[in-house]
Amino acid sequence: MKDTERYPITPDFDGWPVTVPPVAARPEDGALAVEWADGQVSRYHPFFLAENDPSPDTLHPLSRETTLSPLDLPEDLAAVSADIEPDGTIAVQWSHGRAASRFHPGWLRGNGWFGGEQGSAAEVLWTAAEQPEPPTFDGPEALRDPALFLAWLTALRDYGVARLENLPSEDGLLMRIAERVGPVRESNFGRMYTLEIKDDPDSNAFTSAALMQHIDMPTRECPHGLQFLFCRGNTTSGGEGIYADAYRIAADLAAEDPRHFEALCDIRWTYNNRSKTSSYKATGPVIERSRTGRITGIRYNTWLRAPLVAPLAEQDRAYRSYRAFTARAQDPKYQMKFAYRPGDLLAFDNRRALHGRNGYDARGGTRFIEGLYSDRDDLHSAIRSLERSLSKGKTS
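Rules of the game
- Residues numbered from 1 in each chain as written.
- Predicted model: local features only at pLDDT ≥ 70, side-chain atom pairs only at ≥ 80, totals over all residues.
- Heavy atoms only, no water.
- Helix = DSSP H or I, 4+ residues; strand = E, 2+ residues; numbered from the N terminus.
- Buried < 20%, exposed > 50% of the residue type's maximum accessible area, 1.4 Å probe, protein only.
- Contact = heavy atoms within 4.5 Å.
- Areas by Shrake-Rupley, 256 points an atom, 1.4 Å probe, with all protein chains shown as cover.
- Lys, Arg positive; Asp, Glu negative; His and termini not counted.
- Charge placed at Lys NZ, Arg CZ, Asp CG, Glu CD.
- Pairing = 2+ DSSP bridges.
- Phe/Tyr/Trp six-rings, centres within 6.5 Å; stacked < 30°, edge-to-face > 60°.
- Lys NZ or Arg CZ within 6 Å of the ring centre and 35° of its normal.
- Salt bridge = Lys/Arg side-chain N within 4 Å of Asp/Glu carboxyl O.
- Axes fitted to C-alpha atoms, helices over the stretch in contact; angles between N-to-C directions.
- Parallel < 35°, antiparallel > 145°, perpendicular 65-115°, else oblique.
- Nonpolar A, V, L, I, M, F, W, Y, C, P; charged D, E, K, R; others polar.

**Quick word on the overall build of the chain**
- Counting secondary structure elements, the chain contains nine helices and 22 strands.
- Projected onto the principal axes, the alpha-carbon positions of the chain cover approximately 80 × 55 × 40 Å.
- Taken across its 396 residues, the chain has 48% of its residues classed as buried.
- Sequence separation of at least 24 residues holds for 73% of the intrachain contacts in the chain that already meet a minimum separation of 6.
- Of the accessible surface of the chain, which amounts to about 18900 Å², a share of 50% is contributed by carbon and sulfur atoms.
- Charged side chains of the chain number 46 positive and 56 negative; the gap between the two group centres comes to 5 Å.

**Some points on the sheet that holds strand S11 (residues 226-234)**
- If you walk across this open sheet you meet the six strands as S7-S8-S19-S11-S22-S9, and the pairing is mixed. Unpaired on one side and paired on the other, strand S7 (136-138) and strand S9 (193-194) mark the two borders of the sheet.
- In this sheet, strand S8 (residues 161-165) lies alongside S7 in parallel orientation, the contact comprising three bridges. Directly across from Thr136, in S8, lies its bridge partner Arg163.

**Overview of the packing of aromatic side chains**
- Counting across every chain of the model gives eleven aromatic pairs.
- For the pair Trp269 and Tyr322, a centre-to-centre distance of 4.9 Å together with 65° between the ring planes defines the contact as edge-to-face. Of this pair, Trp269 sits in strand S14 (residues 268-272) while Tyr322 sits in helix H8 (residues 312-329), and the two are 53 residues apart along the sequence.
- Grouping aromatic residues by their ring pairs yields a cluster made of Trp269, Tyr300, Tyr319, Tyr322 and Phe325.
- The ring of Phe338 has Arg163 lying over it, and the distance from NZ or CZ to the ring centre is 5.4 Å.
- Sitting above the plane of the Trp269 ring, Arg305 keeps its charged end 5.1 Å from the centroid.

**Things to note about the pattern of salt bridges**
- Applying the stated criterion to the full structure yields 29 salt bridges.
- For the salt bridge of Arg248 with Glu130, the shortest nitrogen-to-oxygen distance reads 2.9 Å. Pair noted here: Arg248 is in helix H6 (residues 246-256) and Glu130 is in the loop between helix H2 (105-110) and S7, with a separation of 118 residues, a long-range link.
- For Arg248, a relative accessible area of 19% puts it in the buried group.
- Exposure remark for Glu130: the relative accessible area of 46% places this residue in the partly exposed category.
- Close ionic contact of Arg376 with Asp349 constitutes a salt bridge, the shortest N to O distance being 3.1 Å. Of this pair, Arg376 sits in helix H9 (residues 376-395) while Asp349 sits in strand S19 (residues 345-349); the two residues are 27 residues apart in sequence, bridging distant segments of the chain.
- Its relative accessible area of 15% is what places Arg376 among the buried residues.
- Asp349 sits in the buried class, given a relative accessible area of 9%.

**Some points on the packing of helix H4 (residues 146-159) against helix H5 (residues 173-181)**
- The geometry of H4 relative to H5 is characterised by a closest axis approach of 12 Å and an angle of 80° between their N-to-C directions. Between H4 and H5, the interaxial angle falls into the category roughly perpendicular. Touching Phe149, Trp152 and Leu153 of H4 are Ile177, Arg180 and Val181, all from H5.
- Tallied by class, the residues present in the contact of H4 with H5 amount to five nonpolar, no polar and one charged.

**Describing unusual backbone geometry**
- We note that Asp29 has phi near 55°; this positive angle belongs to a residue other than glycine.
- When you line up the elements, Asp29 lands in the loop between strand S1 (22-28) and strand S2 (31-36).
- A relative accessible area of 88% means that Asp29 is categorised as exposed.
- At His96, a position not held by glycine, the phi torsion is positive, near 60°.
- Along the chain, the position of His96 falls in the loop between strand S5 (90-94) and strand S6 (101-103).

**So, the sheet that holds strand S4 (residues 79-84)**
- Across the sheet, which stays open at both edges, the three strands sit in the order S4-S5-S6 with antiparallel pairing between neighbours. This sheet does not close on itself; its edge strands, each paired only once, are S4 and S6. Averaged over all adjacent pairs, the angle separating strand axes in this sheet is 20°, with direction ignored.
- The pairing of S5 with S6 spans three bridges and is classified as antiparallel. Paired with Ile90 across the strands is Phe103, a residue of S6.

**Overview of the environment of Asp252**
- Here Asp252 lies in helix H6.
- A C-alpha to C-alpha distance of 40 Å links Asp252 and Pro168, two positions 84 residues apart in sequence.
- The contact partners of Asp252, leaving out residues within four places of it in the chain, are Asp257, Arg328, Lys333 and Tyr334.

The analysis is restricted to geometry; functional conclusions fall outside its scope.
Below, the structure written as C-alpha coordinates:
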(Lines give C-alpha, C1' and ligand atoms only; values in the text may rest on other atoms or scores of the structure.)
Protein backbone atom coordinates (compact mmCIF):
# COMPACT_ATOMS: atom_id res chain seq x y z
CA MET A 1 0.00 0.00 0.00
CA LYS A 2 2.43 2.60 -1.24
CA ASP A 3 -0.07 5.36 -2.00
CA THR A 4 -1.08 6.75 1.37
CA GLU A 5 -2.80 9.86 0.05
CA ARG A 6 -6.12 8.03 -0.29
CA TYR A 7 -6.37 7.26 3.41
CA PRO A 8 -8.19 9.54 5.85
CA ILE A 9 -6.00 12.09 7.65
CA THR A 10 -4.82 11.29 11.16
CA PRO A 11 -4.75 13.41 14.36
CA ASP A 12 -1.04 14.16 13.86
CA PHE A 13 1.44 14.75 11.03
CA ASP A 14 3.25 11.42 11.26
CA GLY A 15 3.43 8.77 8.60
CA TRP A 16 1.60 5.52 9.39
CA PRO A 17 2.70 2.75 7.00
CA VAL A 18 0.26 -0.12 6.66
CA THR A 19 2.69 -2.95 7.37
CA VAL A 20 -0.01 -5.31 8.69
CA PRO A 21 -3.39 -4.96 6.96
CA PRO A 22 -6.71 -5.44 8.77
CA VAL A 23 -8.69 -8.56 7.81
CA ALA A 24 -11.85 -8.14 9.91
CA ALA A 25 -13.62 -5.38 11.86
CA ARG A 26 -16.68 -5.73 14.08
CA PRO A 27 -18.42 -4.04 17.02
CA GLU A 28 -17.99 -5.62 20.45
CA ASP A 29 -20.19 -4.26 23.24
CA GLY A 30 -20.14 -0.84 21.61
CA ALA A 31 -16.39 -0.84 21.02
CA LEU A 32 -14.54 -1.68 17.79
CA ALA A 33 -12.53 -4.89 17.45
CA VAL A 34 -10.04 -5.16 14.58
CA GLU A 35 -8.35 -8.40 13.58
CA TRP A 36 -5.06 -8.03 11.75
CA ALA A 37 -3.33 -10.24 9.19
CA ASP A 38 -0.80 -11.44 11.79
CA GLY A 39 -3.64 -12.83 13.95
CA GLN A 40 -3.53 -10.10 16.61
CA VAL A 41 -6.71 -8.29 17.70
CA SER A 42 -6.91 -4.73 19.01
CA ARG A 43 -9.97 -3.07 20.56
CA TYR A 44 -10.93 0.61 20.61
CA HIS A 45 -13.31 2.42 22.94
CA PRO A 46 -16.07 4.42 21.19
CA PHE A 47 -14.89 7.65 22.86
CA PHE A 48 -11.32 6.95 21.68
CA LEU A 49 -12.56 6.63 18.11
CA ALA A 50 -15.00 9.51 18.17
CA GLU A 51 -12.48 11.98 19.60
CA ASN A 52 -9.97 11.01 16.89
CA ASP A 53 -12.49 11.00 14.05
CA PRO A 54 -10.76 12.65 11.05
CA SER A 55 -14.01 14.35 10.01
CA PRO A 56 -13.66 18.18 9.74
CA ASP A 57 -16.46 18.43 12.33
CA THR A 58 -14.20 16.71 14.87
CA LEU A 59 -10.59 17.23 13.76
CA HIS A 60 -9.34 20.63 12.63
CA PRO A 61 -7.82 19.94 9.19
CA LEU A 62 -4.91 22.38 9.73
CA SER A 63 -3.96 21.98 13.40
CA ARG A 64 -4.97 18.28 13.51
CA GLU A 65 -6.34 18.87 17.02
CA THR A 66 -9.79 17.75 18.12
CA THR A 67 -12.52 20.36 18.35
CA LEU A 68 -14.81 18.24 20.54
CA SER A 69 -15.46 18.46 24.25
CA PRO A 70 -15.81 15.05 25.92
CA LEU A 71 -19.35 16.14 26.85
CA ASP A 72 -20.27 16.56 23.17
CA LEU A 73 -20.50 12.77 22.85
CA PRO A 74 -23.48 10.72 24.06
CA GLU A 75 -22.60 8.84 27.23
CA ASP A 76 -23.77 5.56 25.69
CA LEU A 77 -22.23 6.11 22.24
CA ALA A 78 -21.63 2.75 20.55
CA ALA A 79 -20.27 1.35 17.33
CA VAL A 80 -23.10 -0.55 15.63
CA SER A 81 -21.27 -1.89 12.55
CA ALA A 82 -17.86 -1.76 10.90
CA ASP A 83 -16.46 -2.46 7.45
CA ILE A 84 -13.07 -2.63 5.77
CA GLU A 85 -12.96 -0.69 2.50
CA PRO A 86 -10.95 -2.04 -0.46
CA ASP A 87 -7.87 0.07 0.41
CA GLY A 88 -7.94 -1.04 4.07
CA THR A 89 -9.64 2.05 5.52
CA ILE A 90 -11.90 1.03 8.39
CA ALA A 91 -15.38 2.56 8.40
CA VAL A 92 -17.46 2.66 11.60
CA GLN A 93 -21.19 3.34 11.86
CA TRP A 94 -22.49 4.83 15.10
CA SER A 95 -25.51 4.89 17.32
CA HIS A 96 -27.51 8.09 18.00
CA GLY A 97 -27.45 9.04 14.34
CA ARG A 98 -23.81 10.16 14.51
CA ALA A 99 -22.20 10.33 11.07
CA ALA A 100 -19.98 7.38 10.09
CA SER A 101 -16.23 7.63 10.70
CA ARG A 102 -13.35 6.43 8.53
CA PHE A 103 -9.96 5.56 10.04
CA HIS A 104 -6.47 5.13 8.60
CA PRO A 105 -5.53 1.44 9.16
CA GLY A 106 -1.86 2.22 9.86
CA TRP A 107 -2.85 4.76 12.52
CA LEU A 108 -5.29 2.33 14.15
CA ARG A 109 -2.65 -0.40 14.19
CA GLY A 110 -0.01 1.96 15.59
CA ASN A 111 -2.34 3.08 18.37
CA GLY A 112 -3.74 -0.33 19.24
CA TRP A 113 -3.08 -2.00 22.57
CA PHE A 114 -1.62 -5.48 22.24
CA GLY A 115 -0.55 -6.01 25.84
CA GLY A 116 2.39 -4.62 27.83
CA GLU A 117 3.67 -1.06 28.10
CA GLN A 118 3.36 0.78 24.82
CA GLY A 119 5.75 3.27 23.29
CA SER A 120 8.67 2.77 25.69
CA ALA A 121 12.13 3.56 24.37
CA ALA A 122 14.44 0.62 23.67
CA GLU A 123 17.25 1.59 26.05
CA VAL A 124 20.53 -0.25 25.65
CA LEU A 125 21.88 -0.77 29.17
CA TRP A 126 25.67 -0.95 29.42
CA THR A 127 28.74 -1.39 31.59
CA ALA A 128 32.27 -0.23 30.79
CA ALA A 129 33.19 -3.55 29.18
CA GLU A 130 30.11 -3.43 26.95
CA GLN A 131 30.47 0.26 26.07
CA PRO A 132 34.06 1.49 26.57
CA GLU A 133 33.46 4.59 24.39
CA PRO A 134 30.38 6.65 23.54
CA PRO A 135 28.68 5.91 20.22
CA THR A 136 30.64 8.29 17.98
CA PHE A 137 29.83 10.02 14.69
CA ASP A 138 31.75 12.38 12.41
CA GLY A 139 30.53 15.85 13.36
CA PRO A 140 30.82 17.77 10.07
CA GLU A 141 29.25 14.88 8.15
CA ALA A 142 26.38 14.58 10.65
CA LEU A 143 25.65 18.28 10.26
CA ARG A 144 25.46 17.82 6.48
CA ASP A 145 23.54 14.53 6.40
CA PRO A 146 20.13 14.46 8.15
CA ALA A 147 20.20 10.65 8.27
CA LEU A 148 23.53 10.64 10.14
CA PHE A 149 22.31 13.42 12.45
CA LEU A 150 19.28 11.23 13.18
CA ALA A 151 21.58 8.27 13.90
CA TRP A 152 23.45 10.41 16.47
CA LEU A 153 20.20 11.46 18.13
CA THR A 154 18.94 7.87 18.18
CA ALA A 155 22.16 6.67 19.81
CA LEU A 156 21.80 9.44 22.41
CA ARG A 157 18.26 8.27 23.15
CA ASP A 158 19.13 4.57 23.34
CA TYR A 159 22.52 4.66 25.09
CA GLY A 160 22.08 7.87 27.09
CA VAL A 161 25.32 9.31 25.68
CA ALA A 162 26.65 9.96 22.16
CA ARG A 163 29.53 11.91 20.66
CA LEU A 164 30.23 14.01 17.60
CA GLU A 165 33.92 14.37 16.73
CA ASN A 166 36.13 16.48 14.43
CA LEU A 167 34.07 19.64 14.86
CA PRO A 168 35.76 23.01 14.27
CA SER A 169 36.29 25.41 17.17
CA GLU A 170 33.68 27.99 16.14
CA ASP A 171 31.91 30.52 18.30
CA GLY A 172 28.19 29.70 18.44
CA LEU A 173 28.54 26.21 16.94
CA LEU A 174 27.41 24.44 20.13
CA MET A 175 24.31 26.61 20.31
CA ARG A 176 23.45 25.98 16.64
CA ILE A 177 23.77 22.21 17.04
CA ALA A 178 21.74 22.12 20.25
CA GLU A 179 19.00 24.26 18.70
CA ARG A 180 18.69 21.72 15.87
CA VAL A 181 17.52 19.36 18.61
CA GLY A 182 15.28 21.85 20.39
CA PRO A 183 15.16 24.99 22.53
CA VAL A 184 18.01 25.56 24.96
CA ARG A 185 16.91 25.42 28.59
CA GLU A 186 18.60 28.03 30.74
CA SER A 187 19.90 27.34 34.23
CA ASN A 188 21.33 29.32 37.12
CA PHE A 189 24.62 29.13 35.17
CA GLY A 190 23.06 31.03 32.26
CA ARG A 191 22.02 30.08 28.75
CA MET A 192 25.49 28.67 28.09
CA TYR A 193 28.49 28.27 30.36
CA THR A 194 32.21 27.54 30.16
CA LEU A 195 33.81 24.95 32.44
CA GLU A 196 36.55 27.18 33.81
CA ILE A 197 38.30 27.59 37.15
CA LYS A 198 36.63 30.42 39.07
CA ASP A 199 38.13 32.33 41.99
CA ASP A 200 34.75 32.17 43.76
CA PRO A 201 33.09 29.02 42.32
CA ASP A 202 29.34 28.47 42.64
CA SER A 203 29.80 24.78 41.78
CA ASN A 204 32.52 22.15 42.16
CA ALA A 205 32.48 21.97 38.35
CA PHE A 206 34.24 25.37 38.25
CA THR A 207 37.34 24.00 39.99
CA SER A 208 40.05 21.62 38.80
CA ALA A 209 39.08 18.98 41.36
CA ALA A 210 37.85 15.50 40.54
CA LEU A 211 34.07 15.14 40.40
CA MET A 212 32.20 12.05 41.55
CA GLN A 213 29.49 10.60 39.34
CA HIS A 214 26.31 12.71 39.44
CA ILE A 215 23.50 14.31 37.51
CA ASP A 216 23.20 18.07 37.20
CA MET A 217 20.27 20.10 38.51
CA PRO A 218 18.75 17.64 41.00
CA THR A 219 17.70 20.86 42.72
CA ARG A 220 15.00 21.47 40.09
CA GLU A 221 11.44 20.13 40.17
CA CYS A 222 12.24 18.56 36.79
CA PRO A 223 16.01 18.25 36.32
CA HIS A 224 17.31 19.34 32.92
CA GLY A 225 17.01 16.34 30.61
CA LEU A 226 19.95 16.76 28.24
CA GLN A 227 23.43 18.21 28.58
CA PHE A 228 25.87 19.11 25.81
CA LEU A 229 29.62 19.59 26.39
CA PHE A 230 31.76 20.89 23.51
CA CYS A 231 35.53 20.65 23.88
CA ARG A 232 37.05 23.46 21.83
CA GLY A 233 40.55 23.00 23.22
CA ASN A 234 42.38 20.92 25.82
CA THR A 235 46.11 20.80 26.54
CA THR A 236 45.83 20.08 30.27
CA SER A 237 46.89 16.90 32.02
CA GLY A 238 44.07 14.73 33.42
CA GLY A 239 40.43 15.72 33.49
CA GLU A 240 39.14 12.62 31.68
CA GLY A 241 35.37 12.32 31.48
CA ILE A 242 33.80 9.46 33.45
CA TYR A 243 30.29 8.31 32.51
CA ALA A 244 28.08 5.53 33.88
CA ASP A 245 24.70 4.14 32.90
CA ALA A 246 22.58 4.73 36.00
CA TYR A 247 19.75 2.66 34.51
CA ARG A 248 22.13 -0.33 34.41
CA ILE A 249 23.22 0.35 37.98
CA ALA A 250 19.59 0.50 39.09
CA ALA A 251 18.70 -2.67 37.19
CA ASP A 252 21.61 -4.55 38.79
CA LEU A 253 20.59 -3.30 42.24
CA ALA A 254 17.02 -4.46 41.63
CA ALA A 255 18.28 -7.94 40.76
CA GLU A 256 21.06 -8.27 43.36
CA ASP A 257 19.99 -6.07 46.28
CA PRO A 258 16.24 -5.42 46.05
CA ARG A 259 16.00 -3.92 49.56
CA HIS A 260 18.31 -1.07 48.62
CA PHE A 261 16.62 -0.71 45.24
CA GLU A 262 13.18 -0.29 46.82
CA ALA A 263 14.54 2.22 49.32
CA LEU A 264 16.04 4.25 46.47
CA CYS A 265 12.65 4.24 44.75
CA ASP A 266 10.64 5.10 47.87
CA ILE A 267 12.67 7.54 49.96
CA ARG A 268 12.57 11.15 48.82
CA TRP A 269 15.77 13.15 49.21
CA THR A 270 15.88 16.93 49.07
CA TYR A 271 18.63 18.64 47.05
CA ASN A 272 19.62 22.29 47.27
CA ASN A 273 22.24 24.28 45.41
CA ARG A 274 24.93 26.07 47.44
CA SER A 275 25.08 29.59 46.07
CA LYS A 276 25.24 33.13 47.42
CA THR A 277 22.87 34.41 44.72
CA SER A 278 20.22 31.68 44.30
CA SER A 279 18.45 29.02 46.35
CA TYR A 280 16.96 26.15 44.36
CA LYS A 281 15.49 23.18 46.19
CA ALA A 282 13.65 20.07 45.00
CA THR A 283 12.74 16.66 46.36
CA GLY A 284 12.47 13.23 44.78
CA PRO A 285 13.64 9.60 44.96
CA VAL A 286 16.99 8.55 43.53
CA ILE A 287 15.24 6.16 41.12
CA GLU A 288 12.04 7.17 39.33
CA ARG A 289 9.75 4.48 37.90
CA SER A 290 6.72 4.43 35.63
CA ARG A 291 3.46 2.89 36.86
CA THR A 292 4.58 -0.41 35.25
CA GLY A 293 7.94 -0.36 37.03
CA ARG A 294 10.17 0.79 34.15
CA ILE A 295 13.03 3.04 35.27
CA THR A 296 12.44 6.53 33.84
CA GLY A 297 14.86 8.85 35.62
CA ILE A 298 17.63 9.28 38.19
CA ARG A 299 18.09 12.06 40.76
CA TYR A 300 21.55 11.51 42.25
CA ASN A 301 24.18 14.00 43.36
CA THR A 302 26.16 13.31 46.52
CA TRP A 303 27.22 16.87 47.35
CA LEU A 304 23.91 18.67 46.81
CA ARG A 305 21.83 16.63 49.26
CA ALA A 306 20.10 18.66 51.93
CA PRO A 307 19.86 17.21 55.46
CA LEU A 308 17.44 14.28 55.55
CA VAL A 309 14.79 15.11 58.15
CA ALA A 310 13.22 11.73 58.98
CA PRO A 311 12.94 9.16 61.79
CA LEU A 312 16.23 7.52 62.68
CA ALA A 313 15.26 4.16 61.19
CA GLU A 314 14.30 5.86 57.92
CA GLN A 315 17.59 7.75 57.90
CA ASP A 316 19.48 4.50 58.35
CA ARG A 317 17.61 2.87 55.45
CA ALA A 318 18.13 5.94 53.26
CA TYR A 319 21.85 6.35 53.87
CA ARG A 320 22.62 2.66 53.47
CA SER A 321 20.79 2.47 50.14
CA TYR A 322 22.50 5.67 48.94
CA ARG A 323 25.88 4.17 49.85
CA ALA A 324 25.00 1.03 47.87
CA PHE A 325 24.20 3.15 44.81
CA THR A 326 27.38 5.20 45.24
CA ALA A 327 29.51 2.07 45.51
CA ARG A 328 28.33 1.01 42.07
CA ALA A 329 28.50 4.50 40.56
CA GLN A 330 32.18 4.69 41.57
CA ASP A 331 32.96 1.09 40.57
CA PRO A 332 35.23 0.97 37.45
CA LYS A 333 33.00 -1.85 36.18
CA TYR A 334 30.37 0.73 35.30
CA GLN A 335 32.63 3.63 34.29
CA MET A 336 33.25 4.66 30.70
CA LYS A 337 36.41 6.82 30.72
CA PHE A 338 37.82 8.92 27.90
CA ALA A 339 39.73 12.13 27.27
CA TYR A 340 37.98 15.26 26.07
CA ARG A 341 39.56 15.90 22.68
CA PRO A 342 39.35 19.19 20.78
CA GLY A 343 36.40 18.93 18.38
CA ASP A 344 34.44 16.49 20.56
CA LEU A 345 30.82 17.29 21.41
CA LEU A 346 29.34 15.03 24.10
CA ALA A 347 25.58 14.89 24.45
CA PHE A 348 24.07 12.88 27.27
CA ASP A 349 20.82 12.20 29.06
CA ASN A 350 21.28 14.08 32.32
CA ARG A 351 18.56 12.02 34.00
CA ARG A 352 20.18 8.71 33.09
CA ALA A 353 23.91 9.01 32.36
CA LEU A 354 25.92 9.88 35.46
CA HIS A 355 28.94 11.98 34.64
CA GLY A 356 32.09 12.93 36.51
CA ARG A 357 35.77 13.55 35.80
CA ASN A 358 39.28 13.04 37.04
CA GLY A 359 40.99 16.07 38.48
CA TYR A 360 43.23 18.00 36.12
CA ASP A 361 46.33 20.19 36.26
CA ALA A 362 45.68 23.53 34.56
CA ARG A 363 49.28 24.71 34.96
CA GLY A 364 50.98 25.02 31.60
CA GLY A 365 47.85 24.15 29.65
CA THR A 366 44.40 25.35 28.65
CA ARG A 367 40.99 23.69 28.81
CA PHE A 368 38.07 25.21 26.90
CA ILE A 369 34.80 23.30 27.28
CA GLU A 370 31.41 24.92 26.65
CA GLY A 371 28.17 23.53 28.00
CA LEU A 372 24.42 24.00 27.87
CA TYR A 373 21.19 22.15 28.60
CA SER A 374 17.94 21.22 26.90
CA ASP A 375 15.27 18.59 27.60
CA ARG A 376 14.55 14.99 26.66
CA ASP A 377 11.19 16.01 25.17
CA ASP A 378 13.12 17.99 22.55
CA LEU A 379 15.28 14.98 21.68
CA HIS A 380 12.28 12.70 21.20
CA SER A 381 10.47 15.34 19.13
CA ALA A 382 13.53 15.87 16.94
CA ILE A 383 13.87 12.12 16.33
CA ARG A 384 10.21 11.72 15.36
CA SER A 385 10.28 14.82 13.15
CA LEU A 386 13.44 13.71 11.34
CA GLU A 387 12.08 10.17 10.88
CA ARG A 388 8.90 11.63 9.41
CA SER A 389 10.83 13.97 7.10
CA LEU A 390 13.21 11.27 5.86
CA SER A 391 10.35 8.82 5.39
CA LYS A 392 8.44 11.30 3.21
CA GLY A 393 11.60 11.94 1.20
CA LYS A 394 11.90 8.22 0.41
CA THR A 395 8.29 7.87 -0.74
CA SER A 396 7.99 11.15 -2.69
